[in-house]
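Architecture and fold: a report
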Amino acid sequence: MIWSIFFTTILVAMSIKIHAFTLNRLSKIKSKKFIYSDFVKISSALISSHLMHIILFAYYYYFTFHTYRHLNLLGGNIKGTFFDFFYYSINCYTTLGTGDIFANGSLRLATGLESLIGLLLIAWTATFMLNYFLRAKR
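This section reports on the structure supplied with the text. (Residues numbered from 1 in each chain as written. Predicted model: local features only at pLDDT ≥ 70, side-chain atom pairs only at ≥ 80, totals over all residues. Heavy atoms only, no water.)

**Side note on a positive patch on the surface**
On the surface, a cluster of positive charge is made up of Arg 25, Lys 28, Lys 30 and Lys 32. When you line up the elements, Lys 30 lands in the loop between helix H1 (2–26) and helix H2 (36–67). (Patch = residues over 30% accessible without salt bridge, like charges linked within 9 Å, V, L, I, M, F, W, Y side chains within 5 Å. Areas by Shrake-Rupley, 256 points an atom, 1.4 Å probe, with all protein chains shown as cover. Salt bridge = Lys/Arg side-chain N within 4 Å of Asp/Glu carboxyl O. Lys, Arg positive; Asp, Glu negative; His and termini not counted. Charge placed at Lys NZ, Arg CZ, Asp CG, Glu CD. Helix = DSSP H or I, 4+ residues; strand = E, 2+ residues; numbered from the N terminus.)

Structure follows, in structure tokens:
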């Protein structure tokens, strides 16, 4: 349980740091009007940032699943490939929650916090994009 709290805390901190760094870099774009190429750059960078968070958690699930296989920390329709963990991480991050793969034991903490951090960072992204549109509209 302690290792789960430790690694989950690190993943959450890394996700916030990565997203803050991305938004800080993107905030340097100071266009006064809507420029399509800027919009594409901003959107691509933000999607990449979210994908990095998802991949970080997916690697954590992959490592945990294969290291502690005897604990059955993940159940459901899972074969153990990285794609399974990437898919599961997307489900958690976006709070989609299809339920075909589910966490057991101490891994539930990581999945719950991934959902919370995903919700927070997606809202942060939406706010950033809205600010860009409002600034460009003026």
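Here the narrative resumes, following the displayed structure.
**Section: the packing of aromatic side chains**
For the structure shown, the criterion picks out 12 aromatic pairs. Here the aromatic rings of Phe 7 and Tyr 60 are separated by 6.2 Å at their centres, their planes lie at 40°, and the arrangement is tilted. A residue pair is termed long-range when its members are at least 10 positions apart, and Phe 7 in helix H1 and Tyr 60 in helix H2 qualify at 53 residues. Grouping aromatic residues by their ring pairs yields a cluster made of Phe 6, Phe 7, Phe 57, Tyr 60, Tyr 61 and Tyr 88. (Phe/Tyr/Trp six-rings, centres within 6.5 Å; stacked < 30°, edge-to-face > 60°.)

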